[in-house]
Amino acid sequence: MSNAAIQPAPAVALPAGVSATAAKPIVLTGAQPSGKLHLGNYLGAVVNWDKMQGANECFYFIADQHAITVPKVPAELRKNIYSCLAQYLACGLDPQRSHIFAQSHVVGHTELAWVLGCSCPLGWLERMTQFKDKSRKQESVGAGLLYYPILMAADILLYNAHFVPVGEDQKQHLEITRDIAEKFNRDYSPTFNVPEPFIGETGARIMSLQNPETKMSKSDPNQNGVVFLIDPPDVVRKKIQSAVTDSGGEVRAAADKPGITNLLSIFSAVTGQSVADLENEFAGKGYGDFKRAVADAVIARLEPVRLRYEEFSKDTAYLDSVLKSGAEAAQRVAYKTLSKVYRKVGFVERPR
Ligand code: ATP
Ligand code: LTN
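Worth saying up front: this structure is predicted, and the values here are computed from it rather than measured.

Reading the values: the criteria
- Residues numbered from 1 in each chain as written.
- Chains lettered and ligands numbered in written order.
- Predicted model: local features only at pLDDT ≥ 70, side-chain atom pairs only at ≥ 80, totals over all residues.
- Heavy atoms only, no water.
- Near = heavy atom within 4 Å.
- Areas by Shrake-Rupley, 256 points an atom, 1.4 Å probe, with all protein chains shown as cover.
- Nonpolar A, V, L, I, M, F, W, Y, C, P; charged D, E, K, R; others polar.
- Helix = DSSP H or I, 4+ residues; strand = E, 2+ residues; numbered from the N terminus.
- Expected span 1.5 Å × (residues − 1).
- Buried < 20%, exposed > 50% of the residue type's maximum accessible area, 1.4 Å probe, protein only.
- Contact = heavy atoms within 4.5 Å.
- 1 Å grid on protein atoms, 1.4 Å probe; cavity = no way out; pocket = protein on both sides within 12 Å on 5 of 7 lines; lining within 4 Å.
- Points joined across faces, edges and corners; volume = space filled by probe spheres on them.
- Polar contact = N/O pair within 3.5 Å; in protein donor to acceptor, adjacent residues only side chain to side chain.
- Core = buried A, V, L, I, M, F, W, Y, C linked by side-chain atoms within 4.5 Å.
- Phe/Tyr/Trp six-rings, centres within 6.5 Å; stacked < 30°, edge-to-face > 60°.
- Lys NZ or Arg CZ within 6 Å of the ring centre and 35° of its normal.

## A closer look at the site of ligand 1
Okay, so step 1: Neighbouring residues of ligand 1: 16 residues in total, closest His38, Ile206, Lys215, Ser217 and Lys218.
Okay, so step 2: When isolated, ligand 1 has an accessible area of 610 Å², and the protein chains bury 79% of it.
Okay, so step 3: Its residues placed into classes, the shell around ligand 1 shows four nonpolar, eight polar and four charged.

Okay, here's the thing in structure tokens:
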């Protein structure tokens, strides 16, 4: 992915009647607080969020309200929110350059979701792949799971985001967000920017080390295939040394060598060296040498992240202060959008 692509030019076409008050393009993304981040989350998502800071006005939030669309143990959710925040900060998300906050701390996400949901056809929601998949896996399905994409649309439209970095799996939710924005702009008057998904290429799909045909995922029952950012170095080394490889001894990316191809793309993503260069470097060497070098490179990249995580996670007062200042900045924007929307749909102004 080129640098130009992750620092989108400010010339974003806004619908007529929408003023571009922000000097920089607005980038927004959310992530559910799901415990430990893995190498796929890091290389496929967080590295890109980090690079977008500075050139864009970034809103990065922990989607705690989305998290409860499937049952959660309250004490675990609370712990995971802090732990995820500490991991994001350790990866380089910087409260001086981005607004980092918890969704539930800002008034406006659920309020806007209600308004948007009132004119969103039910059929649009029932078609969502994530709803169909997740509701199939659960005994009883809460209405929140169906409403999930509307809350996500509200998250994005509340800040008039131009670019939303997401993984492939969230593309459909971005499409419905665009449909919802366009419908509101048509039904009332131009109000929302219609956002673009931003899907990075580097590390877009890191596969499991134990089953390189499936993506690395925290819910993988075989945790040996998943490298977590906060795994100690000896654990990372063990997981990489025991990664499934292919028959033949050549270090080369190819469709019939999914294990080696995955290790090469991990190696390339953590070092910035091209796959072709790495193939040349390891020509004539065996899988053993190669895996040792991959483990060294991954550990060199992750160890500082893990050490920073340990520092941040000890300092709850600092984590709270990050959430506080992030929510304050986000709230100012959220109130503006919400009052505009309330006016447009015909609510009377709240008496002061
Ligand atoms: P689950 O195990 O529940 O499927 P997950 O590990 O896939 O979860 P998410 O929380 O759904 O992680 O994803 C957070 C972000 O990380 C998303 O932007 C997603 O696209 C990205 N991501 C997740 N897994 C990978 C992967 N293996 N390779 C690249 N990016 C990934
Ligand atoms: N659904 C997303 C998390 C999410 C999000 C958002 C992403 C919630 N609201 C707004 C981008 C923009 C997920 O599960 N990865």
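Resuming the write-up.
## A few points about helix H11 (residues 258-271)
Okay, so step 1: Between its first and last C-alpha atoms H11 spans 20 Å; for 14 residues at 1.5 Å apiece the expected length is 20 Å, and the two agree.
Okay, so step 2: Within H11, 10 of the 14 residues are buried, leaving the element largely enclosed by the surrounding structure.
Okay, so step 3: Looking at H11, one finds that the buried residues are Gly259, Ile260, Asn262, Leu263, Leu264, Ile266, Phe267, Ser268, Ala269 and Val270.
Okay, so step 4: Contacts from the buried residues of H11 go to helix H2 (39-52), helix H10 (233-241), helix H12 (275-281) and helix H13 (287-314).

## Considerations on empty space enclosed by the protein
Okay, so step 1: Evaluation of the coordinates by the stated rule reveals three cavities of 30 Å³ or more.
Okay, so step 2: Computed from the structure, the largest cavity encloses a volume of approximately 60 Å³.
Okay, so step 3: In this structure, the largest cavity is lined by Thr29, Gly30, Ala31, Trp49, Tyr60, Phe61, Ile62, Tyr88, Leu93 and Ile100.
Okay, so step 4: Counting only elements with at least two residues in the lining of the largest cavity, the list comes to strand E1 (26-31) and strand E2 (57-62).
Okay, so step 5: Here the residues of the lining of the largest cavity sort into eight nonpolar, two polar and no charged.

## Quick look at the site of ligand 2
Okay, so step 1: Around ligand 2, the surrounding shell holds 14 residues, and the nearest of these are Gly30, Tyr148, Met152, Asp155 and Gln170.
Okay, so step 2: Contact distances for ligand 2 include 2.6 Å between a nitrogen atom and a side-chain N or O atom of Tyr148.
Okay, so step 3: In this structure, a nitrogen atom belonging to ligand 2 sits 2.9 Å away from a side-chain N or O atom of Gln170.
Okay, so step 4: Contact with the protein chains covers 89% of the free accessible surface of ligand 2, which is 370 Å².
Okay, so step 5: When residues of the shell around ligand 2 are traced back to their parent elements, those giving at least two are E1 and helix H8 (143-157).
Okay, so step 6: Among the elements that line the shell around ligand 2, the one with the most residues is H8, at four residues.

## Digging into the nonpolar core
One broad rule of soluble globular proteins: the nonpolar side chains tend to lie buried together.
Okay, so step 1: Ranked by internal contacts, the top residues of the largest apolar core, which has 63 residues, are Leu39, Tyr42, Phe290 and Val298.
Okay, so step 2: A total of 11 residues in this core trace back to one element, the largest contributor, which is H13.
Okay, so step 3: If we ignore the near neighbours within four places in the chain, the residues touching Tyr42 are Val47, Cys91, Leu229, Arg301, Leu302 and Val305.
Okay, so step 4: Core analysis: the next-biggest nonpolar cluster, separate from the first, contains 42 residues, Val70, Phe101, Ala181 and Leu338 among them.

## With respect to the packing of aromatic side chains
Okay, so step 1: For the structure on display, the rule yields 12 aromatic pairs.
Okay, so step 2: Measuring from centroid to centroid gives 5.9 Å for Trp49 and Tyr60, while their planes differ by 25°, and the two rings are stacked. In this pair, Trp49 is assigned in helix H2 and Tyr60 in strand E2, connecting sequence segments 11 residues apart. No difference in accessibility class separates Trp49 from Tyr60, as the two residues are buried.
Okay, so step 3: Taken together, Phe59, Phe61, Phe101 and Tyr159 form an aromatic cluster joined through their ring pairs.
Okay, so step 4: Here Lys36 stacks its cationic end above the ring of Phe228, 4.4 Å away from the centre of that ring.
Okay, so step 5: Across from the ring centre of Phe282, 5.4 Å away, lies the NZ or CZ of Lys285, which sits over that ring.

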